[in-house]
Amino acid sequence: MNQITKAIRSTLALWILTAFLYPLFMLICGQIAFPFHANGSLITNNQGTVIGSALIGQPFAGDRYFWSRPSVIDYSTSPEVATTGVSGASNLAPSNPELLQRIQQEATRLQQANIQPTADLLYTSGSGLDPHISPESAQAQISRISAVRNVDTQQIETLISQNTEGRFLGIFGEPGVNVLQLNLALDAL
């Protein structure tokens, strides 16, 4: 009986520690030290309305904006997606005709817009929610945006440089440009 009582007390103590105290501690630390990150990295406009997140991509199709990379799930914006959102890739094999057709359609769309296709403008990310494109993909779209907005290409190149995020800790990953933040900076010109 003594062993059972100890086991129950140990279980309750560990349960309180791991189910309540540790999550509460992490919540408080996150809200104090990193409130922007802990609350979803939400981006707001001048009126305070949330217009997106720095962590989740959005589809941009208009000629006035930089285009995001394709997303099989339309960045969880289509009406068929549950309100909680969804992420993921198509999981189609490279030889799958459906995947090949989608890539060919995307390449045709880019060529019609006079954009040199790059890998991240042709292929989706693993999550389907990636908010970044490579600086090369952003630069490939400069002439289209410059012509539509009647803005000097040098101004757009400067915006791309200002919005390019470097490698994490200087060695991990590749430089990227957050499309939402770049398009907001473009609207501010």
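Residues numbered from 1 in each chain as written. Predicted model: local features only at pLDDT ≥ 70, side-chain atom pairs only at ≥ 80, totals over all residues. Heavy atoms only, no water.

Engineer: Sorry if this is basic, but what is going on with the pairing of strand β2 (residues 50-53) here?
Structural biologist: Bridge count for strand β1 (residues 42-44) against β2 is three bridges, and the pairing is antiparallel. Across the sheet, residue T44 finds its bridge partner in β2, namely V50. Turn length for the β1-β2 hairpin, with the two strands adjacent in sequence and antiparallel, is five residues, and the turn residue G48 shows positive phi of about 90°. (Pairing = 2+ DSSP bridges. Helix = DSSP H or I, 4+ residues; strand = E, 2+ residues; numbered from the N terminus.)

Engineer: How should I be thinking about the sheet that holds strand β5 (residues 176-178) in this particular structure?
Structural biologist: Hydrogen bonding along the main chain pairs the strands of a sheet, whether they run parallel or antiparallel. The antiparallel open sheet is built from three strands, whose spatial order is β3-β5-β4. Unpaired on one side and paired on the other, β3 (132-133) and β4 (164-165) mark the two borders of the sheet. Pairing analysis gives two bridges linking β4 to β5, with the strands arranged antiparallel. The partner of E165 across the bridge, within β5, is G176.

Engineer: I would appreciate a short explanation of helix α6 (residues 142-149) in the present structure.
Structural biologist: Residues lying three or four places apart along an α-helix face the same way, a consequence of the helix completing one turn every 3.6 residues. Those residues of α6 that sit buried are I142, R144, I145, S146 and R149. One or two steps after α6, the chain reaches N150, where phi turns positive at roughly 55°. (Buried < 20%, exposed > 50% of the residue type's maximum accessible area, 1.4 Å probe, protein only.)

Engineer: Is there a simple way to explain the pattern of salt bridges in this structure?
Structural biologist: Opposite charge on two side chains permits pairing when their charged atoms draw close. In the structure shown here, the tally under the stated rule is four salt bridges. Here D130 makes a salt bridge to R69, at a shortest N to O gap of 3.4 Å. Residue D130 is located in the loop between α4 (119-122) and β3, and its partner R69 is located in the loop between β2 and α3 (97-112); the two are separated by 61 residues in the primary sequence. Residue classification places D130 among the partly exposed residues on the basis of a relative accessible area of 23%. Judged by relative accessible area, R69 falls into the buried class, the value being 14%. (Salt bridge = Lys/Arg side-chain N within 4 Å of Asp/Glu carboxyl O.)

Engineer: Could you clarify how one ought to interpret the packing of aromatic side chains in this entry?
Structural biologist: Aromatic ring pairs are described here by two measures, namely the spacing of the ring centres and the angle between the planes. Inspection of every chain in the model, using the stated rule, returns three aromatic pairs. An angle of 40° between the planes, with centres 5.8 Å apart, marks the rings of F60 and Y65 as tilted. Each ring, one from F168 and one from F172, has its centre 6.4 Å from the other, and the planes form 40°; the classification is tilted. Above the plane of the ring of W67 lies R109, whose end atom (NZ or CZ) is 4.1 Å from the centre. (Phe/Tyr/Trp six-rings, centres within 6.5 Å; stacked < 30°, edge-to-face > 60°. Lys NZ or Arg CZ within 6 Å of the ring centre and 35° of its normal.)

Engineer: When you look at empty space enclosed by the protein in this model, what are you seeing that I'm missing?
Structural biologist: If a probe as big as a water molecule is rolled over the atoms, it shows which places are left empty. All chains considered together, the criterion is met by one cavity of 30 Å³ or more. As a volume, the largest cavity reaches approximately 40 Å³. Around the largest cavity, the lining comprises 14 residues; the ones closest to its centre are G57, Q58, S68, P131 and V179. Within the residue set of the lining of the largest cavity, elements represented by two or more residues are β3 and α8 (179-187). (1 Å grid on protein atoms, 1.4 Å probe; cavity = no way out; pocket = protein on both sides within 12 Å on 5 of 7 lines; lining within 4 Å. Points joined across faces, edges and corners; volume = space filled by probe spheres on them.)

Engineer: Before we go on, may I ask you to explain the confidence of the model for the protein chain in this structure?
Structural biologist: Residues with a pLDDT of 70 or more make up 94% of the protein chain, whose mean pLDDT is 88. The lowest-confidence element of the protein chain is β2, averaging 85 in pLDDT; the highest-confidence one is helix α1 (residues 2-33), averaging 95. (pLDDT = per-residue confidence, 0-100.)

Engineer: How should the environment of W67 be read in this particular structure?
Structural biologist: Relative to the helices and strands, W67 resides in the loop between β2 and α3. A relative accessible area of 4% means that W67 is categorised as buried. Sequence separation between W67 and Q31 is 36 residues; the distance between their C-alpha atoms is 33 Å. If we skip the residues at most four places from it in the chain, W67 touches F60, A61, G62, R109, L110, A113, I115, L121, I133, Q141, R144 and V179. Here the side chain of W67 touches G62 through a polar contact of 3.0 Å, landing on its backbone oxygen. (Contact = heavy atoms within 4.5 Å. Polar contact = N/O pair within 3.5 Å; in protein donor to acceptor, adjacent residues only side chain to side chain.)

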